[in-house]
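# Working through the structure, step by step
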Amino acid sequence: MPPLHHRIVVVALAASAQPTESRGGPATTRWMLSEIDGRPVATGRFDAAHLVFGPDRQIGGSAGCSSFGGNRIRWSTDRTGTRGTLTVDPKGSMFWTTIRCDDSPADRDGTLFWDKMRRPRSWAASAGRLTITFADGSTARLVPRSPR
């Protein structure tokens, strides 16, 4: 059995990754990375990186093989629920699982996405697609996928 602190991280991550319909916006969907910096992402042994707009305006997800969660990255939405901002709370915390990932193109794309998520700017959803814009002006596109 894993040590207690590993089990707590897994339970906390599972709780933060649950979608919510009560807040509006993109929170009812697991968004899978499909394009970053204008190019399609690679596929690999693990699912593509994904993003979840979680309860209490938190962001969670995975880089493909490792999962992320916490309250460091927060989301907000406009009244239409189709666009909003992403902000980083320097006092917030971010946690992740660490498993032995392979060095595949899919894992590198997932790592690139989450590296860019250290400086997010905004999100916009339309026609079954989510676009994340980062502080450097680059973008990532994600497509919906139902939770497993």
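Residues numbered from 1 in each chain as written. Predicted model: local features only at pLDDT ≥ 70, side-chain atom pairs only at ≥ 80, totals over all residues. Heavy atoms only, no water.

## Examining the pattern of salt bridges
Using the following cut-off: Just to be clear on terms, a salt bridge is a Lys or Arg side-chain nitrogen sitting within 4 Å of an Asp or Glu carboxyl oxygen. Put simply, DSSP marks the helices as runs of H or I at least four residues long and the strands as runs of E at least two long, and each gets a number from the N terminus on. The classification of residues rests on relative accessible area computed with a 1.4 Å probe and restricted to protein chains. Under 20% of the type maximum is buried, over 50% is exposed, and intermediate values are partly exposed.
For the coordinates displayed, the defined rule picks out five salt bridges. Among the ionic pairs, Arg141 bridges to Glu35, the shortest N-O distance being 3.6 Å. Pair noted here: Arg141 is in strand S11 (residues 139-145) and Glu35 is in strand S1 (residues 30-36), with a separation of 106 residues, a long-range link. On the basis of relative accessible area, Arg141 is assigned to the partly exposed category, the value being 23%. Classification of Glu35 as partly exposed rests on a relative accessible area of 23%. Asp37 serves as the salt-bridge partner of Lys116, at 3.3 Å between the closest nitrogen and oxygen.

## What to know about the packing of aromatic side chains
Stated formally: Working definition: rings of Phe, Tyr and Trp (its six-membered ring) pair if their centres are within 6.5 Å, and the pair is stacked with planes under 30 degrees apart, edge-to-face with planes over 60 apart, and tilted otherwise.
Taken as a whole, this structure holds five aromatic pairs when the rule is applied. Summarising the aromatic geometry, the rings of Phe53 and Trp75 are spaced 5.2 Å apart at their centres and angled 85° between planes, so their arrangement reads as edge-to-face. Within this pair, whereas Phe53 is found in strand S3 (residues 50-53), its partner Trp75 is found in strand S6 (residues 73-75), the two being separated by 22 residues in sequence. On the basis of an interplanar angle of 65° and a centroid distance of 5.5 Å, the ring pair of Phe53 and Trp123 is categorised as edge-to-face. Here Phe53 is found in strand S3, whereas its partner Trp123 is found in strand S9 (residues 120-126), with 70 residues between them in sequence. Summarising the burial analysis for this pair, Phe53 and Trp123 share the class buried.

## Comments concerning the pairing of S1
Quick note on the threshold: Only strands that DSSP links by at least two bridges are regarded as paired with each other.
Judged by how many residues are buried, S1 sits mostly within the fold: five of seven residues are covered. Pairing of S1 with S3 involves three bridges; the strand directions are antiparallel. From the neighbouring strand, Met32 faces S3, where its bridge partner is His50. Where S1 meets S11, six bridges bridge the pair, whose relative direction is antiparallel. Looking at the pairing, Glu35 lines up with Arg141 of S11. By the bridge criterion, two bridges tie S1 to strand S2 (residues 39-40) in an arrangement that is antiparallel.

This is a description of form; function is not addressed.
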